[in-house]
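Remarks on the overall topology
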Amino acid sequence: MKKMDCFRACRYSNRMVIVGVAAAVIGCVLGTAGVPRLLAGILVIAGFAVLLAGFVIGYRFLVCPHCGEPLYDSVRLPDHIPSYCPSCGAKLEPPMRRSDEK
């Protein structure tokens, strides 16, 4: 398993938040469209669980690799990684991909 860096955590967090919100909204729409409420409720709960997991990954792993401080200033997670750490000022660059990896 690859190490979770701040760039990978940002990608995973963003995707999980989007999927979680979409699943919750679809579950709400299906609940009002005549689909059995149990199925719609399960979709809504699963959507909120994925949304919460995305937030947890973001808050846990969106930290500077140099100083360990968070890369967000408030409770809102960023949708992209800044160029420099807001705490220590270190330059943040994505890890280079090796040519033999796919």
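As a reminder, the structure under discussion sits directly above these lines.
Predicted model, so just to flag it, every value in this text is computed and none were measured. (Residues numbered from 1 in each chain as written. Predicted model: local features only at pLDDT ≥ 70, side-chain atom pairs only at ≥ 80, totals over all residues. Heavy atoms only, no water.)

With that settled, consider the nonpolar core. One finds C6, F7, C10, L62, C64, L71, Y72, L77, I81, C85 and L92 forming the largest nonpolar core, which totals 11 residues. The contact partners of I81, leaving out residues within four places of it in the chain, are C6, F7, C10, L62, L71 and L92. (Core = buried A, V, L, I, M, F, W, Y, C linked by side-chain atoms within 4.5 Å. Buried < 20%, exposed > 50% of the residue type's maximum accessible area, 1.4 Å probe, protein only. Contact = heavy atoms within 4.5 Å.)

Another point: the layout of surface pockets. Taken as a whole, the second largest pocket spans an internal volume of roughly 210 Å³. Taken together, 13 residues line the second largest pocket, and the ones lying closest to its centre are K3, M4, D5, C6 and P65. Going through the elements one at a time, α1 (6-32) and α2 (37-61) are the ones with two or more residues in the lining of the second largest pocket. The residue inventory of the lining of the second largest pocket, partitioned by class, reads 9 nonpolar, no polar and 4 charged. (1 Å grid on protein atoms, 1.4 Å probe; cavity = no way out; pocket = protein on both sides within 12 Å on 5 of 7 lines; lining within 4 Å. Points joined across faces, edges and corners; volume = space filled by probe spheres on them. Helix = DSSP H or I, 4+ residues; strand = E, 2+ residues; numbered from the N terminus. Nonpolar A, V, L, I, M, F, W, Y, C, P; charged D, E, K, R; others polar.)

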